[in-house]
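A structural walkthrough
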Amino acid sequence: MRRTLQGLVVFAASFVGLAFLALPVIALFARVPPSRLVSQLGNPVVTDALVVSLKTTLLAQALILVFGTPTAYVLATRRFRGRTALITLVELPLVLPPAVAGLGLFAAFGRTGLLRTSIPFTQMAVVLAVAFVASPLYVRAAIAAFEAVDANIVAASRTLGAGPVRTFFRIVAPLARGGLAAGAALAFARGLGEFGATIMFAGSLQGVTQTLPLAIYQQFETDFTTALAMSALLVVVSGALLVALRVTLQWQPSKPTSRFLFAPSR
């Protein structure tokens, strides 16, 4: 009797938790019929914002991959004084309030900032804002993926005469590709949804710096129905990314060391 009661309590708690996560998404699509969702693709505000979002997020993703991959590899394979502090620095944008992140970028890259550039309120500002807030998701996942690679296999490759670059691309990267793909997908999805740092650092100019989340915020003040439809569209895009991520991970020939996207760092 006691075990049955405990089981019911656990089931009820899990049901409430899942319902809480699902209800806002269900509510969006309950208010937006499919025809309304499709019609939004012809709305200039939506198309401009979607183009800006995809363009800037792809550019930010390229920066994250190019600079984040070697950063993660060094932090995963080297043990040195200050490594923990550097990992904390990498993770810091995840917990920074968006307004603080935007002001920090402004203080660094503004006309009167440390570097004194004209980047703020341009499309490059959107790219930098997205890269800043999304890169920790990729770098942290990449660190875990590189740490999971068997060091003996890497040592064997070097012993057989392969250089560090060839070993990385022929041995390390293929073995870590599942974690790298997971981190890249999460970073891309986070970049599509970025709002706070972008509006602080880049503003919201239609066709230039106005991303889809910024357009949703603007429409919320004038046309709530359109804002709902745009929100549903963003949910569809984000959901498609997560499905693609799951499919990619299932195609990996080797079993992952953890069922979680992030494994703890040693």
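Up top you'll find the structure we're talking about.
Here's what I pulled together on the structure shown here. All of these numbers come straight from a predicted model, not from anything done at the bench. (Residues numbered from 1 in each chain as written. Predicted model: local features only at pLDDT ≥ 70, side-chain atom pairs only at ≥ 80, totals over all residues. Heavy atoms only, no water.)

1. What to know about the packing of helix α7 (residues 151-159) against helix α8 (residues 164-192)
- Contact geometry for α7 and α8: axes closest at 10 Å, N-to-C directions at 150 degrees. Relative to α8, the element α7 lies roughly antiparallel. Crossing of α7 against α8: the hand is right-handed. Where α7 approaches α8, its residues Ile153, Val154, Ser157 and Arg158 are matched on the opposing element by Pro164, Thr167, Ile171, Val172 and Leu175.
- Of the residues contributing to the contact of α7 with α8, the split by class is six nonpolar, two polar and one charged. (Axes fitted to C-alpha atoms, helices over the stretch in contact; angles between N-to-C directions. Helix = DSSP H or I, 4+ residues; strand = E, 2+ residues; numbered from the N terminus. Parallel < 35°, antiparallel > 145°, perpendicular 65-115°, else oblique. Left-handed = near helix turned anticlockwise from the far one by under 90°. Contact = heavy atoms within 4.5 Å. Nonpolar A, V, L, I, M, F, W, Y, C, P; charged D, E, K, R; others polar.)

2. Here we look at unusual backbone geometry
- Even without glycine at this site, Arg116 takes up a positive phi of about 55 degrees.
- Take Arg116: it is sitting in the loop between α5 (98-109) and α6 (123-147).
- Of note, the phi angle at Phe121 is positive, near 65 degrees, even though the residue is not glycine.
- Among the structural elements, Phe121 can be located in the loop between α5 and α6.
- Accessibility expressed as a relative area gives 47% for Phe121, which makes it partly exposed. (Buried < 20%, exposed > 50% of the residue type's maximum accessible area, 1.4 Å probe, protein only.)

3. Side note on the environment of Phe109
- Among the secondary structure elements, Phe109 is positioned in helix α5.
- Each C-alpha atom, one on Phe109 and one on Phe201, is 9.3 Å from the other, the two residues being 92 residues apart in sequence.
- With sequence-adjacent residues up to four places away left out, Phe109 is seen in contact with Leu115, Thr117, Ile119, Pro120, Leu128 and Phe201.

4. Some points on α8
- The end-to-end C-alpha separation of α8 is 34 Å, well short of the 42 Å expected for 29 residues at 1.5 Å each.
- If you look at α8, its biggest bend is around 60 degrees, right at Arg177. (Expected span 1.5 Å × (residues − 1). Bend = angle between axes of the 7 residues up to and from the residue.)

5. Description of a nonpolar patch on the surface
- Taken together, Val74, Phe80, Leu86, Leu89, Leu92, Leu94 and Val95 make up a surface patch of nonpolar side chains, about 610 Å² in accessible area.
- In terms of residue count, the dominant contributor to the nonpolar patch is helix α4 (residues 83-95) (five residues). (Patch = residues over 30% accessible without salt bridge, like charges linked within 9 Å, V, L, I, M, F, W, Y side chains within 5 Å. Areas by Shrake-Rupley, 256 points an atom, 1.4 Å probe, with all protein chains shown as cover. Salt bridge = Lys/Arg side-chain N within 4 Å of Asp/Glu carboxyl O.)

6. Notes on the side chain of Thr56
- Structurally, Thr56 can be placed in helix α3 (residues 44-77).
- In this structure, Thr56 is in contact with Gln123, Val126, Val127 and Thr211, ignoring residues within four places of it in sequence.

7. Describing the pattern of salt bridges
- Scanning the model with the defined rule gives four salt bridges in all.
- When the shortest N-O distance is used, the salt bridge between Glu147 and Arg83 registers 2.9 Å. Pair noted here: Glu147 is in helix α6 and Arg83 is in helix α4, with a separation of 64 residues, a long-range link. There is no split in this pair, since Glu147 and Arg83 are both buried.

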